[in-house]
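Geometric and topological summary
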Amino acid sequence: MIPRDETGRTPLRLMHADKTRAAPRIMPADAAGIDEAARLLRAGALVAFATETVYGLGADATDAEAVARIFAVKGRPRFNPLIAHLAAPGEAERHARMDAAARRLAEAFWPGPLTLVLPAAEGTPVSPLARAGLASIALRVPAHPVARALLSATGRPVAAPSANRSGRISPTRAAHVAGDLGADVALVLDAGPTGIGVESTIVACLGNAPALLRPGGLPREAIETVLGRPLATREGKAAPLAPGMLASHYAPSAAVRLGAADLRPGEALLGFGPVPFATGDAPVVNLSESGDLVEAAARLFDALHQLDASGARTIAVMPVPEEGLGLAINDRLARAAAPR
Ligand code: TXA
Ligand code: MG
């Protein structure tokens, strides 16, 4: 067992001491669970909770020590800034300066799977550590009822990256979080599988043309329709800008072969749409038999988890069309396939 103090926190120095990884406490996301989670967050502990995209590993964003625990548990490079989650859109201007484009996007898409990167306001109580020392701040108002209830009950902005160790697959179920993080998280609030299944879309509104930093659960086209203009793209900019973006992010243990038009010995198949070749008794998960990209996004990380657990050395991935949520899916798959 990993010792904890009275708030349920694991002392930082002990976090990686237990290789067997004790199981975390899991509570259903009912009123009692939300109360307990809010209490733990206010006491500086880490709580994993569902959003409409993926499970987040939450900490009080105004408490630098709590934020440091996130980096420690994730094993995440320090220059990766975190998203501050807010209970309501009206809280945003306390933390950031919003130009006309940012206001329009917040109005149209909050609460929802959109993160805005904005110039930080002077007086924001969000810890600089959560912002990795940047002059900007990432804000999101999630739509999931459990996330909203938890944020209201906590009464503070909550910093929350996806609740997985750095470079691992993002969690879409409480069991993924428990398996990956173990007792390094004080509590997992179980609200069932997440609906969207890929992370939020990130758009920077930093004074110049709004730019897409990360494709995600809100399709680019929907954003461009509201803005009435195409989003700029900031591909290949050197760190610390959009780095959910390190080369081998989202990596399963198995190798990943993209664009598969056949299945080779020893491979597992990640399918999309009808499978036009034989698969024998290989492990197969289809992201969407009918070729529906929304269904595919919701299943993506769960499918990678399942195929990785099958023990196959390589996961062969059928092509996914480069439109709508297909962009975010292909972005994640390309990272999963990156050399490591
Ligand atoms: O759906 C989501 O966004 C989930 C749920 C839990 O809300 N969260 C999530 O967080 O995906 P995370 O930490 O895994 O990804 C946050 C991304 C990182 O790529 C980070 O670099 C970027 O947001 N980011 C945060 N602050 C930024 C800033 N000031 N400038 C540029 N990028 C920033
Ligand atoms: Mg992540």
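Scroll up a little and you will see the structure.
Now for a quick tour of the structure. (Residues numbered from 1 in each chain as written. Chains lettered and ligands numbered in written order. Predicted model: local features only at pLDDT ≥ 70, side-chain atom pairs only at ≥ 80, totals over all residues. Heavy atoms only, no water.)

1. Side note on the overall build of the protein chain
Within the protein chain, the regular secondary structure consists of nine helices and 15 strands. Put simply, the protein chain has 340 residues, and 57% of those count as buried. Long-range contacts, defined here as pairs at least 24 residues apart, represent 69% of the contacts in the protein chain between residues at least 6 apart. Carbon and sulfur atoms provide 55% of the accessible area of the protein chain, an area that totals close to 13,400 Å². (Helix = DSSP H or I, 4+ residues; strand = E, 2+ residues; numbered from the N terminus. Buried < 20%, exposed > 50% of the residue type's maximum accessible area, 1.4 Å probe, protein only. Contact = heavy atoms within 4.5 Å. Areas by Shrake-Rupley, 256 points an atom, 1.4 Å probe, with all protein chains shown as cover.)

2. Remarks on the environment of Gly90
Among the structural elements, Gly90 can be located in the loop between strand E4 (83-85) and helix H3 (92-95). Considered as a pair, Gly90 and Val141 are 51 residues apart in the sequence and their alpha carbons are 9.7 Å apart.

3. Some points on the packing of helix H1 (residues 31-42) against helix H5 (residues 145-154)
H5 packs onto H1 with a crossing angle of 50° between their chain directions and a minimal axis gap of 9 Å. Here H5 runs oblique to H1, going by the angle between their axes. Judged by the twist between their axes, the crossing of H1 over H5 is right-handed. Contacts between H1 and H5 involve Ile34, Ala37, Ala38, Leu41 and Arg42 on the former and, on the latter, Ala149, Leu150, Ala153 and Thr154. By residue class, the composition of the contact of H1 with H5 is seven nonpolar, one polar and one charged. (Axes fitted to C-alpha atoms, helices over the stretch in contact; angles between N-to-C directions. Parallel < 35°, antiparallel > 145°, perpendicular 65-115°, else oblique. Left-handed = near helix turned anticlockwise from the far one by under 90°. Nonpolar A, V, L, I, M, F, W, Y, C, P; charged D, E, K, R; others polar.)

4. Some thoughts on the environment of Leu46
Its place among the elements puts Leu46 in the loop between H1 and strand E2 (47-50). The sequence separation of Leu46 and Ala159 amounts to 113 residues, and the corresponding C-alpha distance is 9.9 Å. Sequence-distant contacts of Leu46, defined by excluding residues within four places in its chain, comprise Leu57, Gly58, Ala59, Ala66, Arg69, Ile70, Val73, Asp184, Val185, Ala186 and Leu187.

5. A look at the sheet that holds E4
Taking strand neighbours across the sheet as the criterion, the eleven strands line up as E1-E8-E2-E3-E7-E4-E6-E5-E9-E10-E11 in an open arrangement whose pairing is mixed. Two strands in the sheet have a free side with no partner beyond their single neighbour: strand E1 (25-28) and strand E11 (232-233). For E1 and strand E8 (residues 187-190), the ladder comprises four bridges, and the chain directions are parallel. Across the sheet, the residue bridging to Pro28 is Asp190, located in E8. On top of the sheet, H5 reaches E2, E4, strand E7 (158-159) and E8; it is set at about 135° to E2, its chief contact. (Pairing = 2+ DSSP bridges.)

6. Some thoughts on the nonpolar core
Counting 47 residues, the largest nonpolar core has Leu105, Trp110, Leu114, Leu116, Leu139, Val203 and Ile223 as the members making the most contacts within it. Mapped by element, the contributors of at least two residues to this core are E2, strand E3 (55-60), helix H2 (64-74), helix H4 (100-109), strand E5 (114-119), strand E6 (136-140), helix H6 (174-181) and helix H7 (220-227). (Core = buried A, V, L, I, M, F, W, Y, C linked by side-chain atoms within 4.5 Å.)

7. Description of H2
Of all the eleven residues making up H2, eight are buried; the element is thus mostly covered by neighbouring parts of the structure. Within H2, the full set of buried residues consists of Ala66, Val67, Ala68, Arg69, Ile70, Phe71, Val73 and Lys74. For H2, the secondary structure elements touched by its buried residues are E3, E7 and H6. Looking at where H2 begins, the residue whose side-chain oxygen comes 3.0 Å from the main-chain nitrogen of Glu65 is Asp63. (Polar contact = N/O pair within 3.5 Å; in protein donor to acceptor, adjacent residues only side chain to side chain.)

8. Some thoughts on the sheet that holds strand E14 (residues 284-286)
With parallel pairing, four strands are arranged side by side in an open sheet as E12-E15-E13-E14. Edge positions in the open sheet fall to strand E12 (255-257) and E14, since each of these has one partner strand only. Taken pair by pair, the neighbouring strands of this sheet meet at an average axis angle of 20°, ignoring direction.

9. Here's the deal with the pattern of salt bridges
The full count for this structure, using the stated rule, is 15 salt bridges. Of the charged contacts in the structure, one is a salt bridge between Arg140 and Glu52, with a shortest N-O distance of 3.0 Å. Note that Arg140 is positioned in strand E6 and Glu52 in the loop between E2 and E3, a separation of 88 residues in sequence. Just as Arg140 is buried, Glu52 falls in that class too. For the salt bridge of Asp184 with Arg165, the shortest nitrogen-to-oxygen distance reads 3.2 Å. Placement of the pair is Asp184 in the loop between H6 and E8 and Arg165 in the loop between E7 and H6, with a sequence separation of 19 residues. (Salt bridge = Lys/Arg side-chain N within 4 Å of Asp/Glu carboxyl O.)

10. Details of the pairing of strand E9 (residues 201-204)
For a regular strand, side chains alternate in direction, first toward one face of the sheet and then toward the other. Judged by which residues are buried, E9 turns out to be covered on both faces: Thr201 and Val203 on one side and Ile202 and Ala204 on the other are all buried. Looking at chain direction, E5 and E9 are connected through four bridges and run parallel. In the strand pairing of E9, Leu116 is matched with Val203. With three bridges joining them, E9 and strand E10 (residues 211-214) adopt antiparallel strand pairing. Note that in E10 the partner of Ala204 across the bridge is Ala211.

11. Examining the side chain of His85
You can see His85 is positioned in strand E4. With a relative accessible area of 3%, His85 lands in the buried category. One polar contact links the side chain of His85 to the main-chain carbonyl oxygen of Ile83, over a distance of 3.2 Å. Setting aside its immediate chain neighbours within four residues, His85 contacts Arg140, Pro142, Leu151, Arg156, Pro157, Val158, Ala159 and Ala160.

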